[in-house]
Amino acid sequence: MSSAIMSAVQMPKQIEMNALTEDSRWEAVLARDGASDGKFVFAVSSTGVYCRPSCPSKRPRRENVSFFRHVREAESAGFRECLRCRPRSLAGNPRQELIKAVCRYIEQHLDEPVTLSQLGAQFRLSPYHLQRTFKSVLGITPKEYANSCRMRDFRLKLKAGQSVTRAMHEAGYSSTSRLYSRTTSELGMEPAKYRRGAIAAPIRYTCADSPLGRILIASTGKGICSIKFADSDEELEQGLKQEFPFAVRRRDDAGLADLTQKLMRHMSGIETATALPLDIQATAFQRRVWTYLQSIGFGETRSYSDVAKAIRRPSAVRAVAHACASNPVAIAIPCHRVVRSNGDLAGYRWGLERKKALLEIEAGKQ
């Protein structure tokens, strides 16, 4: 990280504290200014507690408030940490705390377009430095984070039974055009069809033999939405029903024969470069993980930590593992190519024996 970013993020600084007057600190407390977190704490004599400026608790009387540059100074004066805002946590990793504050701000303003300039002014960073810091911590931009939050809220509201229009407005979308421009890649199907578990959405599926046992391939009009393995067709069909409980599911072995053959050739390594059409849901983080998985070559493997580093989230190893486990389209997104750092096989949604078989098939085709 550049010295400019570090000077903006690593707070407090002596020169900054000297520049702050008692009145400006009190104004920051009254405004619950998150950008002032880490620059100072305020203590309340009537409660014996010290807080960060953005603490959501009720504002105290001015005559009961005193200010300290560091939490240790407040504690030396006999005050104890507020259990609600936890000001001591800022001393552990100020960079992450800053990004947490940015995330909270974005979440509170989903009903309006929040620009980098607005975020920069709010947190006293240049737009360039804020975006760079945000992306280095979370792996996505502030705009991508906001889009992910809106889509998450929209999806939850639809599944709760709200109408598309009401869910759209409550999730922060300003128009139907902005909403529909994102649903193809993130929701997986039109909003009206996704509502309450893809109500009335037509989904065709087929079951067939594969080197790993029985396989189910389900498709909407836009692409594959589910690929599953199991020991019987009944188990496969029950899994599809649970995934799309209100969809109109129709078995179509003949109509999906070409797609099945293409997937088998893809699995066996005959057509590894062929891109399969997909119609799946994904959060911003899942999309980053799954896109990287699709770049792993046939017969190659990566560790979970390798994937985390590749998407610029080196500490998100567990989140990467969860994204792999939630992959709805086995083979098409090759999560089986992710193993432990020592080369051992880790968990696989469809069983370790199938994961081992897949890797052996690929190794034999190299």
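Small disclaimer: the values here were computed from a predicted structure and weren't measured. By convention here, each chain's residues receive numbers from 1 onward along its written sequence. Local features in this predicted model are restricted to residues whose pLDDT is 70 or higher, and side-chain atom pairs enter the listing and the counts only when it is 80 or higher, whereas totals over whole chains, interfaces and linings include all residues. Heavy atoms from the whole structure form the basis of all side-chain values; hydrogens and water molecules are not counted.

(A) Molecular detail of the overall build of the protein chain. Here a strand is any run of E in DSSP of at least two residues, a helix any run of H or I of at least four, and the numbering for each starts at the N terminus. In terms of regular secondary structure, the protein chain is built from 17 helices and 10 strands. Exposure categories follow from relative accessible area, calculated using a 1.4 Å probe and restricted to protein chains: below 20% of the type maximum is buried, above 50% is exposed, and the middle band is partly exposed. Of all 366 residues assigned to the protein chain, the portion counted as buried reaches 48%. Residue contacts follow a heavy-atom distance rule, with two residues in contact if any of their heavy atoms lie within 4.5 Å. The long-range share in the protein chain, meaning contacts at least 24 apart out of those at least 6 apart in sequence, stands at 60%. Computed by Shrake-Rupley with a 1.4 Å probe, the accessible areas treat only the displayed protein chains as cover when residues are assessed. By element, 49% of the accessible surface of the protein chain is carried by carbon and sulfur atoms, the whole surface being about 18100 Å².

(B) Representation of the pattern of salt bridges within the structure. We define a salt bridge as a contact between a side-chain nitrogen of Lys or Arg and a carboxyl oxygen of Asp or Glu at a distance within 4 Å. The full count for this structure, using the stated rule, is 17 salt bridges. A salt bridge links D231 to R354, with the shortest nitrogen-to-oxygen separation between them at 3.3 Å. With D231 in the loop between strand 7 (224-230) and helix 12 (233-243) and R354 in helix 17 (residues 352-364), this pair connects stretches of sequence that are 123 residues apart. Owing to a relative accessible area of 68%, D231 belongs among the exposed residues under this scheme. Taking the shortest distance from any N to any O, the salt bridge between E237 and R251 comes out at 3.4 Å. Of this pair, E237 sits in helix 12 while R251 is found in strand 8 (residues 248-251), placing the two residues 14 residues apart along the sequence. On the basis of relative accessible area, E237 is assigned to the partly exposed category, the value being 27%. Here the salt bridges do not stand alone but share partners, grouping D209, R214, D233, E237, R251 and D253 into one network.

(C) Examining the sheet that holds strand 2 (residues 49-51) more closely. Spatially, four strands are ordered 3-1-2-4 in an open sheet, and the strand pairing comes out mixed. Looking at the sheet topology across the chains shown, the edges are occupied by strand 3 (65-68) and strand 4 (80-81). Paired strands, as defined in this entry, are two strands with at least two bridges between them according to DSSP. Sheet topology note: the strand 1 (residues 41-44)/strand 2 ladder contains three bridges and is antiparallel. Residue pairing in the sheet places A43 in a bridge with Y50 of strand 2. The strands touched by helix 3 (residues 22-30) within the sheet are strand 1 and strand 3, with strand 3 carrying the most contacts at an inclination of about 105°. Working convention: axes come from line fits to C-alpha atoms, limited for helices to the stretch in contact. Angles between N-to-C directions cover 0 to 180 degrees.

(D) Quick peek at helix 17. Helix span is expected to be 1.5 Å times the residue number reduced by one. In this model, helix 17 (13 residues) spans 18 Å end to end at C-alpha, consistent with the 18 Å of a helix rising 1.5 Å per residue. R354, K355, L358, L359 and E362 are the residues of helix 17 that are buried. Projected onto a plane normal to the axis of helix 17, the buried residues spread over an arc of 135° and lie on a single side. For helix 17, exposure combined with an orientation more than 90 degrees from the buried face picks out E353 and G364. Each element contacted by the buried residues of helix 17 is listed here: strand 7, helix 13 (257-268), helix 15 (304-310) and strand 10 (338-339). Within this analysis, the arc is defined by the directions that extend from the helix axis to the C-beta atoms.

(E) The sheet that holds strand 7, seen in detail. Spatially, the four strands line up as an open sheet ordered 7-6-5-8, and their pairing is mixed. This sheet does not close on itself; its edge strands, each paired only once, are strand 7 and strand 8. With direction set aside, neighbouring strand axes in the sheet form an average angle of 25°. Pairing geometry for strand 5 (residues 202-210) and strand 8, over four bridges, is parallel. Bridging from a neighbouring strand, R204 pairs with R250 of strand 8. Together, strand 5, strand 6 (213-219) and strand 7 form the strand contacts of helix 13, whose direction differs from that of strand 6 by roughly 125°.

These results come straight from atomic positions and should not be treated as a statement about function.
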